[in-house]
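Chain and residue survey
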Amino acid sequence: MYRLDPIGYQQEYVIPYFMVIGTNSEGKPFAAFTRAISEEYILEKPVPQVTAPETTKQ
């Protein structure tokens, strides 16, 4: 899977992740996400705030 930034944000790259699904030692299901590449190759920049225009309920 890939992590994508919010719609409207110009993104240069995506970050690949592994999704691990299984059961724990108690037999309960779980899902975990971890980056698929080393931290040394990732430079994260803050995502700018994206706001939607206000709507009026009628």
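The coordinates are above.
Residues numbered from 1 in each chain as written. Predicted model: local features only at pLDDT ≥ 70, side-chain atom pairs only at ≥ 80, totals over all residues. Heavy atoms only, no water.

**A closer look at the pattern of salt bridges**
Scanning all chains against the criterion turns up 2 salt bridges. Residue Arg-35 pairs with Glu-39 through a salt bridge whose shortest N-O separation is 2.7 Å. Under the relative-accessibility criterion, Arg-35 is labelled partly exposed at 21%. Residue Glu-39 is classed as exposed on the basis of its relative accessible area, which comes to 52%. (Salt bridge = Lys/Arg side-chain N within 4 Å of Asp/Glu carboxyl O. Buried < 20%, exposed > 50% of the residue type's maximum accessible area, 1.4 Å probe, protein only.)

**Digging into the sheet that holds strand E3 (residues 29-35)**
Strands sit in the order E1-E2-E3 across an open sheet of 3 strands; the sheet is antiparallel. Strands with a single pairing partner mark the edges of an open sheet, and in this sheet they are strand E1 (2-3) and E3. As defined by bridge partners, E1 adjoins strand E2 (residues 15-23) across 2 bridges and the pair is classed as antiparallel. Its bridge partner being in E2, Tyr-2 is matched across the sheet by Pro-16. (Pairing = 2+ DSSP bridges. Helix = DSSP H or I, 4+ residues; strand = E, 2+ residues; numbered from the N terminus.)

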